[in-house]
Amino acid sequence: MNEASNVSNFAVPGPLGDIPVRLYQPAGTSKAGALLPLVLYFHGGGFVAGNLDDAELQAQYISRHSHAAVLSVAYALAPAKPFPAAPEDAYAAACWAVKHAGHLHIDPTRIAVAGDDAGGNLAASLTMITRDRCAMPFAAQVLISPMLDPSMTLLGDAKRLNSDMTARECADSYRQYLPQTMQRLHPYAAPMEASRLAGLPSAFIATAGCDVLHNEAEKYAASLILAGVHTQVARFAGITHGALRTHIPLLKEIVEFLRRRFSVASAGPSNLVFQPS
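1. Considerations on the overall build of the protein chain
Then step 1. In terms of helices and strands, the protein chain carries 9 helices and 8 strands.
Then step 2. Projected onto its principal axes, the C-alpha coordinates of the protein chain cover approximately 55 × 40 × 35 Å.
Then step 3. Among the 277 residues that make up the protein chain, the fraction classed as buried is 55%.
Then step 4. With 21 positive and 22 negative side-chain charges, the protein chain shows a separation of 4 Å between the mean positions of the two kinds.

Here it is as structure tokens:
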């Protein structure tokens, strides 16, 4: 069995103050060895809750089995800090990682984003933000039971699905995260509303069979495919929303996906760099 990753906690600068992060580095990592890929991970919690501990198992597993560094990010939470604070924190963390790639011993051409629940929303929106700001493109994106549609028009029936998440919970989360009605149409808050999906990184989208959110995630995957984005979709039958993020069969598929995407990512220099917003 692989050894646990080396873990360190610190903070990086953000637009509204310091952003707590947790860095996982594979055991035995040496500055003399090859540069590592990096995964930026965003925890769940419906935009209003959650912390770095909620991503502990996923981050450890991905780091150990894909031999990558993982930077888990504790972004700003609503209602104290509503949209766009969270995606701007996500972008700030990405900027910091690229700027300090040498210190982190990572390859800036092999950075992926990942997240579950609200973190899946942030991972998706971050790929759009970086594209729109002409920043260095990500190698891949991994969305685990993501919250993508504040209009909630695609929600499944919680009772029929035996879902552990309900429409009321979704509505409460979005009400606090997006206090202004028009924000629900902004693509950085509602990836389902985005009209420009071309040029986004390859995606792995995982859904749970017992989850009211699986319809919107799978429709988003179809939209990415139509836009020419290499996309892999997996629905896990009998699994609830809350259980999916730590479901070992899912984590194994994520590791295999990331290994493939990192292996084909360009190793050459890029003329695109992250710039502060």
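2. A few points about the side chain of Asp116
Then step 1. You can see Asp116 is positioned in strand β5 (residues 106–116).
Then step 2. Within the buried core, Asp116 has no salt-bridge partner, and the shortest N-O distance to an opposite charge, that of Arg245, equals 4.4 Å.
Then step 3. Separated by 3.4 Å, the side chains of Asp116 and Gln58 make a polar contact.
Then step 4. Ignoring sequence-local partners within four residues, the contact set of Asp116 consists of Tyr41, Phe42, His43, Gly44, Gln58, Ile144 and Arg245.

3. Side note on the nonpolar core
Then step 1. Membership of the largest hydrophobic core comes to 64 residues, with the highest contact counts inside it found for Leu40, Phe42, Leu71, Leu126 and Tyr220.
Then step 2. Sorting elements by how many residues they give to this core places helix α2 (residues 85–99) first, with 10 residues.

4. Some remarks on the side chain of Gln183
Then step 1. Among the structural elements, Gln183 can be located in the loop between α6 (167–177) and β7 (203–210).
Then step 2. Here Gln183 is in contact with Phe83, Tyr177, Leu178 and Ala189, once residues within four sequence places are set aside.

5. Let's talk about the environment of Leu251
Then step 1. For Leu251, the location among the structural elements is in helix α9 (residues 248–264).
Then step 2. On a C-alpha basis, the gap between Leu251 and Val73 in space is 19 Å, while along the polypeptide they are 178 residues apart.
Then step 3. Beyond its immediate sequence surroundings of up to four residues, Leu251 is in contact with Leu57, Gln58, Tyr61, Arg245 and Thr246.

6. Some words on the environment of Ala237
Then step 1. Within the element layout of this structure, Ala237 appears in strand β8 (residues 231–240).
Then step 2. With relative accessibility at 73%, the residue Ala237 sits in the exposed group.
Then step 3. For Ala237 and Cys210, which are 27 residues apart along the polypeptide, the C-alpha to C-alpha distance reads 7.1 Å.

7. Re the pairing of strand β1 (residues 6–14)
Then step 1. In terms of strand pairing, β1 meets strand β2 (residues 17–25) through 9 bridges, oriented antiparallel. Residue Ser8 lies in a different strand from β2, and its bridge partner there is Leu23.
Then step 2. Adjacent in sequence and paired antiparallel, β1 and β2 are bridged by 2 residues.

8. Regarding helix α4 (residues 118–132)
Then step 1. A rise of 1.5 Å per residue sets the reference length of α4, with its 15 residues, at 21 Å; its end C-alpha atoms lie 21 Å apart and thus fit the reference within 8%.
Then step 2. For α4, the buried fraction is high: 14 of the 15 residues fall into the buried class.
Then step 3. Positioned one or two residues after α4, Cys134 has a phi angle of 55°, which is positive.

9. Here's the deal with the sheet that holds β5
Then step 1. Ordered in space as β1-β2-β4-β3-β5-β6-β7-β8, the 8 strands form an open sheet in which the pairing is mixed. Each edge of the sheet is formed by a strand with only one pairing partner; in this case those strands are β1 and β8. Taken over all neighbouring pairs, the strand axes of this sheet differ in orientation by 20° on average, direction set aside.
Then step 2. In terms of strand pairing, strand β3 (residues 36–42) meets β5 through 6 bridges, oriented parallel. In the strand pairing of β5, Leu40 is matched with Val113.
Then step 3. Lying over the sheet, α2 contacts β1, β2, β3, β4 (69–73) and β5, oriented at roughly 115° with respect to β1.
Then step 4. Contacts from helix α7 (residues 214–226) reach β6 (140–144), β7 and β8 within the one sheet, and its direction differs from that of β7 by about 155°.

10. Things to note about the pattern of salt bridges
Then step 1. According to the stated counting rule, one finds 9 salt bridges in the structure shown.
Then step 2. A salt bridge links Arg131 to Asp132; the shortest N-O distance between them is 3.0 Å.
Then step 3. For the salt bridge of Arg175 with Asp172, the shortest nitrogen-to-oxygen distance reads 2.7 Å. Placement of the pair is Arg175 and Asp172 together in helix α6, with a separation of 3 residues, close to one helical turn.
Then step 4. In this structure Asp172 comes out as partly exposed when scored by relative accessible area, which is 32%.
Then step 5. Each of Arg22, Asp53 and Glu56 takes part in one network of salt bridges that share partners.

Calculation criteria
- Residues numbered from 1 in each chain as written.
- Predicted model: local features only at pLDDT ≥ 70, side-chain atom pairs only at ≥ 80, totals over all residues.
- Heavy atoms only, no water.
- Helix = DSSP H or I, 4+ residues; strand = E, 2+ residues; numbered from the N terminus.
- Buried < 20%, exposed > 50% of the residue type's maximum accessible area, 1.4 Å probe, protein only.
- Lys, Arg positive; Asp, Glu negative; His and termini not counted.
- Charge placed at Lys NZ, Arg CZ, Asp CG, Glu CD.
- Salt bridge = Lys/Arg side-chain N within 4 Å of Asp/Glu carboxyl O.
- Polar contact = N/O pair within 3.5 Å; in protein donor to acceptor, adjacent residues only side chain to side chain.
- Contact = heavy atoms within 4.5 Å.
- Core = buried A, V, L, I, M, F, W, Y, C linked by side-chain atoms within 4.5 Å.
- Pairing = 2+ DSSP bridges.
- Expected span 1.5 Å × (residues − 1).
- Axes fitted to C-alpha atoms, helices over the stretch in contact; angles between N-to-C directions.

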